[in-house]
Amino acid sequence: TNHPVLTATQSQTKTAPSAISEADKSVAAAAASASEEVASYLATREGEVEFEQRLERRQALRLVAMQLGCKLHKYNAGKGVFGQKSQAKRVVSRWVALSGDRAETAEITWGDVKSRRMQSSLKLSECKRVHYGWETEVFSSFSFKPHDESLCFSVETENRTLDFGAENVTDLINWVCGLSGMLGGHLNYGRVMWRQLELKMADEIQGGGFAGVITQLARKVAAEQLRNNDGDSEAVVD
């Protein structure tokens, strides 16, 4: 008479090689499929020349966008809420455009949003680098800012900074990556997108709790003051 436990063990022993064989086949099939995908990617990926050409096309489009101009919000230096210039008056909407297409001769110009008449300018040859986020003393002088840090950038010169808040990511990318490219900087599209993700994650973390609610309310108030200041003749001209 066959022992039931022994019979089951023998049955498992007989079927094991078949099961292992099927597993090996699955692994081999997956490896072959992955190899085909890798080979297909390597065959169709951009070469170095094509990659550089694509970067040049992107930079050319950004240059055109800067030359056409857009509405940015300029943060001006001052002494803060208890100084001569209130914070609300130190953020003004400006039409900002780039004149020229070479770093040696181009200028950043800004002026009235409605008439688009330029009132001030800065030679790009005087600019050292572009900063992304709230990296300057001007931004630090504001208790509350109407723009998220991920939409702010600065242009640094030897003696000052131009500090702006953009209304959308497209304008931000055009100016940050466009100016940085002209100045030979490191802020390319990939770096800006990665930093933007970091800033948004940090903002979400800090936005929790009572302190976060107060910060969001203060930012909304600052944004409302900025909208009210549009076209205000008493706002800071520069």
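Attention here is on the structure that accompanies the text.

Cut-off values and rules
In this convention, every chain numbers its residues from 1, walking through the sequence in written order. Two thresholds apply to this predicted model, a pLDDT of at least 70 for residue-level local features and 80 or more for giving and counting side-chain atom pairs, whereas whole-chain, interface and lining totals are computed over all residues. Note that the side-chain values use all heavy atoms of the structure and ignore hydrogens as well as water. By salt bridge we mean one thing: a side-chain nitrogen of Lys or Arg within 4 Å of a carboxyl oxygen of Asp or Glu. Under the DSSP-based scheme used, a helix requires at least four consecutive residues in state H or I and a strand at least two consecutive residues in state E, with every element numbered from the N terminus. By convention, a stacked pair of Phe, Tyr or Trp rings (six-membered ring in the case of Trp) has centres within 6.5 Å and planes under 30 degrees apart, an edge-to-face pair has planes over 60 apart, and any other such pair is tilted. Remark: exposure states derive from per-residue accessible area (1.4 Å probe, protein chains only) relative to the maximum for the residue type, with buried under 20%, exposed over 50%, and partly exposed in between. Lysine NZ or arginine CZ positioned within 6 Å of the ring centre and within 35 degrees of the ring normal marks a charge as sitting over the ring. The criterion for strand pairing is that DSSP finds at least two bridges linking the strands in question. Note on geometry: axes are C-alpha line fits, over the in-contact stretch for helices, and angles between N-to-C directions span 0 to 180 degrees.

**Some thoughts on the pattern of salt bridges**
Here's step 1: In this structure the tally under the stated criterion is five salt bridges.
Here's step 2: Between Glu 167 and Lys 71 there is a salt bridge; the shortest N-O distance is 3.8 Å. With Glu 167 in the loop between β7 (161-165) and α4 (169-182) and Lys 71 in strand β1 (residues 70-75), this residue pair connects regions lying 96 residues apart in the sequence.
Here's step 3: Residue Arg 195 pairs with Glu 198 through a salt bridge whose shortest N-O separation is 3.3 Å. Linking Arg 195 with Glu 198, this pair stays in helix α5 (residues 189-206), spanning three residues, or about one helical turn.
Here's step 4: What you see here is one network of salt bridges that share partners, running through Lys 128, Arg 129 and Glu 156.

**What about the packing of aromatic side chains?**
Here's step 1: Applying the stated criterion across every chain yields a total of three aromatic pairs.
Here's step 2: Note on Tyr 75 and Phe 142: the rings are 5.1 Å apart at their centroids and 75 degrees apart in plane angle, and the pair reads as edge-to-face. One end of the pair, Tyr 75, is in strand β1; the other, Phe 142, is in the loop between α3 (137-140) and β6 (152-157), and 67 residues separate them in sequence. There is no split in this pair, since Tyr 75 and Phe 142 are both buried.
Here's step 3: For the pair Phe 153 and Phe 164, a centre-to-centre distance of 5.6 Å together with 35 degrees between the ring planes defines the contact as tilted. Of this pair, Phe 153 sits in strand β6 while Phe 164 sits in strand β7, and the two are 11 residues apart along the sequence.
Here's step 4: A residue is classified by how much of its surface remains accessible, and Phe 153, at 1% relative accessible area, is buried.
Here's step 5: Residue classification places Phe 164 among the buried residues on the basis of a relative accessible area of 1%.
Here's step 6: One aromatic cluster is present, built from ring pairs that chain together Tyr 75, Phe 139 and Phe 142.
Here's step 7: A cation over a ring is seen here: Arg 90 above Phe 142, with NZ or CZ 4.0 Å from the ring centre.
Here's step 8: Geometry around Trp 134 places Lys 145 over its ring, the cationic atom sitting 4.2 Å from the centre.

**Section: the sheet that holds strand β2 (residues 91-99)**
Adjacent strands of a sheet pair through backbone hydrogen bonds, lying either parallel or antiparallel.
Here's step 1: What the seven strands build is an open sheet, ordered β4-β3-β2-β1-β7-β6-β5; its pairing is antiparallel. The open sheet has two edge strands with one neighbour each: β4 (118-123) and β5 (127-132). Strand-to-strand twist across the sheet, computed as the mean angle between neighbouring axes with direction ignored, equals 35 degrees.

**Notes on the pairing of β2**
Here's step 1: Among the nine residues that make up β2, eight are buried, leaving the element largely enclosed by the rest of the structure.
Here's step 2: By the bridge criterion, six bridges tie β1 to β2 in an arrangement that is antiparallel. Counted as the bridge partner of Lys 74 is Val 92 from β2.
Here's step 3: Pairing geometry for β2 and strand β3 (residues 107-111), over five bridges, is antiparallel. Its bridge partner being in β3, Ser 99 is matched across the sheet by Glu 107.

It is worth stressing that arrangement in space is one thing and function is another; only the former is reported here.
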